Structures are given as structure tokens and as C-alpha cells.
Amino acid sequence: MVLVLTACSGPQRTSWKVFPLPRQMPHDGLAVVSQPDGFGLHFFLETDTDDPAECSPRWFPDAARLFNGNGTAPFSAGLVPREEFFAAVRRSDVRRALQKQLKALCQQRAPEARWRWTLPPTDASELRPVELPAYERRDLLRDPAEEKRLEEELLGDAQKPSQTTGSASRQ
């Protein structure tokens, strides 16, 4: 009897329930309930379609905090620590679910592109910053002082006080 009571009073185990939880469109979110009280992670899934012939995951290690993951209306807010993200993506069941959702998201966004799976980062040292397209020279603004000089030159005589205002009116 004591053994039964001791076993029942032990700590709750984490269920690690994994299910799709869309953000804006199907397949762009994945919920991972990692704590017995329904808390967990909400992965925001993105694709890399920079190469039109290929679609692959674009990894963002800043997952949202999942609330009510065991309930009927799960939602997310805030961020989880990156270590929690890394711990979750180390699990094979989470990686399988991520792969399934991301493949479906790629098929939706770039149906003609070839799907290429890349493993998520499992440690901070594996993070690579997202490279955005470089600004071209024509996209950059000039130096503010140079811009002001050109503006004054363009306005020219319109800003200069009239020479006839003072002496000509007295005559």
C-alpha cells in the first residue's frame, strides 16, 4: 500500500506532446508541450526560398512560450530561453514533426522547388545570422550635410532675401 501511495505522489512526467499550431497559415507553426502543466514552445516556422529551385527550413531559435498546450485553446506569448529551444530540437519526435510541417510549408509556398531538409541548430555555436540582401549604393541615402547643401542649391534664389526690399523702396 505504501508503495502505491509513494508512486502516485511522485512528480508528474512531461508528456512532450507535439502538434501543429498555425500562426497565419497552415504548417507555419508547431506546438511542443514540454511541461506537465501545458507549458512549452511554439515554433514559428519559416522557409528559405532565396534559390527558386530549392526550398529549405530557415531556423529561428527564438520560439514563443506556449500556454494551455493541454487545453482546448493553446496560445503563445513572449519568448522561451534558447536553451529550451535547443533541448526541444534535440528530440527526434520534435525533429520529425518539424520536418513534416516545414516540407508541407515549402510545398505550399514554392510548389516547383525541390525540398531540402537541414537540421536545426542544437547549440548556440551553430547559429548563423540570417543574411539579408545587401544594399546597393543607389539604395543608400547621401550624407545629411550634402543633402542639405543640395537642397539649398536647388532652392537657390527663392530662399535669398530680395535685394530690392531695402534700398530700392527708399528711393
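Reading guide: rules and limits
- Residues numbered from 1 in each chain as written.
- Predicted model: local features only at pLDDT ≥ 70, side-chain atom pairs only at ≥ 80, totals over all residues.
- Heavy atoms only, no water.
- Core = buried A, V, L, I, M, F, W, Y, C linked by side-chain atoms within 4.5 Å.
- Buried < 20%, exposed > 50% of the residue type's maximum accessible area, 1.4 Å probe, protein only.
- Helix = DSSP H or I, 4+ residues; strand = E, 2+ residues; numbered from the N terminus.
- Contact = heavy atoms within 4.5 Å.
- Pairing = 2+ DSSP bridges.
- Axes fitted to C-alpha atoms, helices over the stretch in contact; angles between N-to-C directions.
- Salt bridge = Lys/Arg side-chain N within 4 Å of Asp/Glu carboxyl O.
- pLDDT = per-residue confidence, 0-100.
- Phe/Tyr/Trp six-rings, centres within 6.5 Å; stacked < 30°, edge-to-face > 60°.

A few words now on the nonpolar core. Most often, soluble globular proteins have nonpolar side chains that are buried together. By size, the foremost hydrophobic cluster in this structure holds 17 residues, and its most contacted members are Leu30, Leu41, Phe43, Leu45, Phe85 and Leu98. Top element by residues in this core is helix 3 (residues 92-109). It accounts for five residues. Aside from chain neighbours lying at most four places away, what touches Leu98 is Leu30, Phe43, Leu45, Trp59, Val89 and Trp117.

Taken in spatial order, the three strands of this open sheet run 4-5-8, and their pairing is mixed. At either margin of the open sheet sits one strand with a lone partner, and together these are strand 4 (46-48) and strand 8 (114-115). Helix 3 contacts strand 4, strand 5 (54-58) and strand 8 of the sheet and is inclined by roughly 60° relative to strand 4.

It is worth spelling out the pattern of salt bridges at this point. For the structure on display, the rule yields twelve salt bridges. Here Glu46 ties to Arg23 by a salt bridge, and the two come within 3.1 Å at their closest N and O atoms. In this pair, Glu46 sits in strand 4 while Arg23 sits in the loop between strand 1 (17-20) and strand 2 (29-33), placing the two residues 23 residues apart along the sequence. Since its relative accessible area comes to 30%, Arg23 is described here as partly exposed. Because the salt bridges share partners, they merge into one network encompassing Arg23, Asp28, Glu46 and Arg109.

With that settled, the discussion passes to the confidence of the model for the protein. Considering every residue of the protein, the mean pLDDT works out to 85; 76% of them sit at 70 or more. The element-level mean pLDDT for the protein is lowest in helix 1 (residues 2-8), coming to 49, with strand 8 highest at 97.

Turning next to the pairing of strand 2. Along strand 2, five of the five residues are buried, which leaves the element largely enclosed by surrounding structure. Both faces of strand 2 are covered, namely the face carrying Gly29, Ala31 and Val33 and the face carrying Leu30 and Val32. Relative to strand 2, strand 1 runs antiparallel, the two sharing four bridges. Residue Pro20 lies in a different strand from strand 2, and its bridge partner there is Leu30. Here strand 2 folds back onto strand 3 (residues 40-44) in antiparallel fashion, the turn holding six residues, of which Gly38 has a positive phi close to 95°.

With respect to the element layout, Pro111 can be found in the loop between helix 3 and strand 8. Among the residues examined, Pro111 registers a relative accessible area of 58% and is labelled exposed.

Here the focus is the sheet that holds strand 1. A sheet is described by the order of its strands in space; here five strands give the open sequence 1-2-3-6-7, paired in antiparallel fashion. Strands at the two margins of the open sheet, each flanked by one partner only, are strand 1 and strand 7 (75-79). Sheet twist, expressed as the average angle between the axes of neighbouring strands with direction ignored, equals 30°. Note that strand 6 (residues 64-67) and strand 7 share four bridges and pair antiparallel.

So, about the packing of aromatic side chains. In the structure shown here, the tally under the stated rule is six aromatic pairs. Pairing Phe85 with Phe86 gives two aromatic rings, centres 5.6 Å apart and planes at 75°, and the pair type is edge-to-face. Residue Phe85 is classed as buried on the basis of its relative accessible area of 0%. With relative accessibility at 1%, the residue Phe86 sits in the buried group. Centre to centre, the rings of Trp115 and Trp117 are 6.3 Å apart; their planes meet at 40°, and the pair counts as tilted.

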